[in-house]
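The residues making up each chain are set out below.
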Amino acid sequence: MKSKGAQERKRTFLLITIPVIALFFCFNTLPLIKGFIYSFTNFKGYGSYEWVGLRNYKDLFGDARVGKSYLFTFKYALVGTIVTNVISLILALGLNSKIKAKSALRGIYFIPNVLGGLVIGYIFSFIFTYVLPAVGQNLGIEFLSSSMLSNTGTAWIAIVIVGCWQAIAMNTIIYISGLQTVPEDVYEAGSLDGVTGWKKFKYLTFPLIIPFFSTNMVLSMKNFLMVFDQIMALTKGGPSQSTESISYLIYNNGMSGGQFGFQSANAFVFFVMIVAISVFQMTVTNKKEEQL
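This text gives an overview of the structure that appears in the document. (Residues numbered from 1 in each chain as written. Predicted model: local features only at pLDDT ≥ 70, side-chain atom pairs only at ≥ 80, totals over all residues. Heavy atoms only, no water.)

**With respect to unusual backbone geometry**
In this chain, Gly238 is followed by Pro239 through a cis amide linkage whose omega measures -10 degrees. Position of Pro239 relative to the elements: it lies in the loop between α10 (229-234) and α11 (246-255). Its identity as a non-glycine residue notwithstanding, Lys236 has a phi of 55 degrees, on the positive side. As for its position among the elements, Lys236 is in the loop between α10 and α11. Of the residues examined, Lys236 reaches a relative accessible area of 46% and is grouped as partly exposed. Phi angles above zero are rare outside glycine, and Ser240 is one such case at about 55 degrees. Relative to the helices and strands, Ser240 is located in the loop between α10 and α11. Classification of Ser240 as exposed rests on a relative accessible area of 60%. (Helix = DSSP H or I, 4+ residues; strand = E, 2+ residues; numbered from the N terminus. Buried < 20%, exposed > 50% of the residue type's maximum accessible area, 1.4 Å probe, protein only.)

What follows is the structure in structure tokens.
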């Protein structure tokens with residue numbers, strides 16, 4: 001028979017868990033289910049609607065604008081993930097070394113993650129539109145003489161810069177956490193065998209922080225694929241829809257473009273793709289961990 005204390009603890013856990021599950025269902029699961037249902041309709045976001053079956057899903061594959069947004073989003077996510085993790089790992093190695101004021105530096109590097117994406121986007125929008133062109137014109141640098149945001153070839157680069165600048169903060173902290181789990185004995189044994197510099201990182205440090213690398217890669221790819229704030233603040237999908245991400249397209253055409261049903265289908269396909277990519281990343285990195 002269970003003691004009274006055990007029963008009370010079980011009741012307490014239930015009281016804590018049930019409200020959380022209810023909130024999660026109301027604000028996450030329920031909208032997902034409703035969106036999936038609307039994806040089989042011609043719902044415009046208002047008024048009546050009719051069932052259209054799989055027509056929205058078929059139309060997705062023939063829509064050039066949707067295809068263009070997927071290409072941009074995956075290009076942005078791939079470049080952003082690589083750049084963010086390379087710079088984050090370098091910074092983490094530096095901030096984990098024996099340097100002065102490293103605690104203060106960690107705090108400074110984490111500031112971008114505290115600020116809102118829209119706030120950062122509007123600040124960088126001013127910099128790209130007014131500050132950098134003025135600097136470029138004064139120094140005679142043709143590349144910077146006009147706003148990067150107004151050029152279809154450079155606008156995506158500006159968005160990558162902003163996205164990475166904000167994402168590097170959290171990734172650096174995660175890498176630092178991983179580096180602090182590496183035992184000093186490992187480095188001491190390595191130094192006796194003459195393992196230093198790049199070999200020290202390749203054969204000792206990196207294999208031991210693979211789990212943290214996996215976490216950062218999955219989170220980075222997911223966050224970059226879902227880019228919205230930077231697009232909203234910097235380009236609103238322009239110029240000429242060259243920086244229109246999937247999330248922004250779903251929001252813009254679904255909420256105000258009368259394509260609620262169509263974009264619901266787009267959102268569901270996008271959701272499945274993100275889950276599939278995340279599972280693939282975790283499978284690959286888990287196999288790498290097992291090999292090591």
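**Some thoughts on a nonpolar patch on the surface**
Judged by side-chain polarity, Phe126, Tyr130, Val131, Val135, Leu139, Ile141 and Phe143 come together as a nonpolar surface patch covering roughly 690 Å² of accessible area. Looking at where Ile141 falls in the secondary structure, it is placed in the loop between α5 (117-139) and α6 (155-179). Relative accessible area serves as the criterion here: at 34%, Ile141 is assigned to the partly exposed category. (Patch = residues over 30% accessible without salt bridge, like charges linked within 9 Å, V, L, I, M, F, W, Y side chains within 5 Å. Areas by Shrake-Rupley, 256 points an atom, 1.4 Å probe, with all protein chains shown as cover. Salt bridge = Lys/Arg side-chain N within 4 Å of Asp/Glu carboxyl O.)

**A word on helix α8 (residues 197-208)**
The first and last C-alpha atoms of α8 sit 16 Å apart over twelve residues, in line with the 16 Å expected at 1.5 Å per residue. Where α8 is concerned, the buried positions are Phe201, Leu204 and Thr205. Seen end-on, α8 carries its buried residues on one side only, within an arc spanning 125 degrees. Opposite the packed face of α8, turned more than 90 degrees from it, sit the exposed residues Trp198, Lys199 and Tyr203. Against the buried residues of α8 lie α3 (64-95), α6 and α7 (184-192). (Expected span 1.5 Å × (residues − 1). Arc of directions from axis to C-beta. Contact = heavy atoms within 4.5 Å.)

**Description of the packing of α3 against α6**
For any two helices packed against each other, one specifies the inter-axial angle together with the distance between the axes. At a minimum axis separation of 6 Å, α3 and α6 run at an interaxial angle of 40 degrees. In terms of orientation, α3 lies oblique with respect to α6. Considering the relative orientation of α3 and α6, their crossing is right-handed. (Axes fitted to C-alpha atoms, helices over the stretch in contact; angles between N-to-C directions. Parallel < 35°, antiparallel > 145°, perpendicular 65-115°, else oblique. Left-handed = near helix turned anticlockwise from the far one by under 90°.)

**What to know about the layout of surface pockets**
A volume near 930 Å³ is recorded for the largest pocket. Every element with two or more residues in the lining of the largest pocket is listed here: α1 (4-38), α11 and α12 (260-291). In terms of residue count, the dominant contributor to the lining of the largest pocket is α12 (eleven residues). Class assignment for the residues of the lining of the largest pocket results in 17 nonpolar, seven polar and one charged. (1 Å grid on protein atoms, 1.4 Å probe; cavity = no way out; pocket = protein on both sides within 12 Å on 5 of 7 lines; lining within 4 Å. Points joined across faces, edges and corners; volume = space filled by probe spheres on them. Nonpolar A, V, L, I, M, F, W, Y, C, P; charged D, E, K, R; others polar.)

Interpretation note: all reported values are geometric properties and have no functional meaning in isolation.
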